[in-house]
Amino acid sequence: MTQPRLVSSAPAPYTSGVIFGRIPRAASTGVLALMLLLAGCGSPSVADDRPPGVGAGDPSATATPSAPAVSPVIESEQPQPLIDLECSDFSGVTSLGTIAGVTARDPRGVVAESLDVVPLADIVRNAGGIACEFSDGGAWRVLDQSGGYPLNTAWRGAAIFVVPRVGSAATELVADSTCTAITGRTGLCIVDFVVGSSWVTVVSPTSNVEKTFQLVRAYVTDVVSAAALRDGPLERASGTFQPPRECASLVPTPTVATVLGGADVIVDTPYQLNVAAEATFFTENTGCQWYRESGDRAGDVHVYPGGAWAADLTLPTLTATEVELNGLREGDRAVSRCTDVSEFGFWICRVEVVVDGTWIRAIGSGPGELVSTEIAVALAEATLTHRE
């Protein structure tokens, strides 16, 4: 592992964030590897033993450094869903109950995880899912003064997320179905349920008079159950970086133990604020979380294969620091950013990497900015070792 080599504190330009669902429970001091290119020079003597015809200034007399590896240009586009659905198929919700009259909106306004920036819609779509919203504007989760993201009871509409081909893995997920207290005349519900082999999350209002969320759930269930599934997995552009999905292969446990400073490592699937994001870790995206039974360090790696299109939408909005990593090539991009949550005893640092059409998110949490960054850097570099 190398220590982070920060290049610039200015927001990084782009053309093409950690989880906070579980309070993190890391990292050995990094070793900065320096490559020194040494060349000796001297005046030729009378007994010069260079081959005939090779003079002292002849360029063939010295080695020419090899050019750095250049990453191929990989086309990254939002994939077509693995279920035969479009958002227009859900437009009937605009005539249901207390949300009658709402209109189609951009569903990217709500993040997948607290203290982070990645929209739930992008994660779902990168896994071949559907993300749709019909509302009167605003966001159905909002950041409050305590740093949490409660449901917004002032929001009126329906948000719909469908993650196809979850299948039996749905038993690994814990539904987050809940309704807020009714404030004034309405409250807001988030409901998770399975239709066929698809994980479905629906957000919509309720009231003392009419439970609109029940009407929306029934309507969405009918639409999803009638839709045909497409064959998976998703076909990505040739050359797309797709590292192993098994956590023990993605970053071997002994490597994680070194990074977190102890052998009592536990491997888990990351918790997310919205369960639809977790569902994608069982289908197309990859999510691994490591922490120790003891200790104050933890780390994550989230991989969105072919997800550079999503990085294009999010990374330009960040104030982040460019960072160099072992395994990067010319044309790759990597930035680091941190969140100070030391009031809870730790920091959260992320290394965002875009290589070969794929978005990699390496996340570290520990008792300080440096330690947390070192964890993220080490996990990012370990992930990059799988590049061909």
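A short tour of the structure in this document, coming up.

So, how was this worked out
- Residues numbered from 1 in each chain as written.
- Predicted model: local features only at pLDDT ≥ 70, side-chain atom pairs only at ≥ 80, totals over all residues.
- Heavy atoms only, no water.
- Phe/Tyr/Trp six-rings, centres within 6.5 Å; stacked < 30°, edge-to-face > 60°.
- Helix = DSSP H or I, 4+ residues; strand = E, 2+ residues; numbered from the N terminus.
- Buried < 20%, exposed > 50% of the residue type's maximum accessible area, 1.4 Å probe, protein only.
- Lys NZ or Arg CZ within 6 Å of the ring centre and 35° of its normal.
- Disulfide = S-S within 2.5 Å.

**What to know about the packing of aromatic side chains**
Point 1. In total, this model carries two aromatic pairs according to the counting rule given.
Point 2. Ring centres 6.0 Å apart and planes at 55° place the aromatic pair Trp-140 and Phe-161 in the tilted group. Here Trp-140, found in the loop between strand S3 (130-135) and strand S4 (157-163), pairs with Phe-161, found in strand S4; they are 21 residues apart in sequence, far enough to count as distant.
Point 3. Its relative accessible area of 1% is what places Trp-140 among the buried residues.
Point 4. Taken together, a centroid distance of 5.5 Å and an interplanar angle of 75° make the contact between Tyr-304 and Trp-359 edge-to-face. Of this pair, Tyr-304 sits in strand S10 (residues 298-304) while Trp-359 sits in strand S14 (residues 358-366), placing them 55 residues apart in sequence. Comparing Tyr-304 with Trp-359 shows no difference in burial state: the two are buried.
Point 5. In this structure, Arg-217 is placed above the aromatic ring of Phe-193, and the distance from its NZ or CZ to the ring centre is 4.3 Å.

**Describing the state of the cysteines**
Point 1. Going through the model one piece at a time under the given rule, you end up with four disulfides.
Point 2. Paired through a disulfide, Cys-179 and Cys-189 show a sulfur-sulfur distance of 1.9 Å. Disulfide Cys-179 to Cys-189: torsion about the S-S bond roughly 105°, handedness right-handed. Of this pair, Cys-179 sits in strand S5 (residues 178-179) while Cys-189 sits in strand S6 (residues 186-195), and the two are 10 residues apart along the sequence.
Point 3. Here Cys-338 connects covalently by a disulfide to Cys-349, the sulfurs 2.0 Å from one another. One disulfide, between Cys-338 and Cys-349, carries an S-S torsion of 115° and so falls in the right-handed class. In this pair, Cys-338 is assigned in strand S12 (residues 333-341) and Cys-349 in strand S13 (residues 346-355), connecting sequence segments 11 residues apart.
Point 4. By relative accessible area, which is 0% here, Cys-349 ends up buried.
Point 5. When the bonded cysteines of the chain are numbered from the N-terminus onward, they pair as 1-2, 3-4, 5-6, 7-8.

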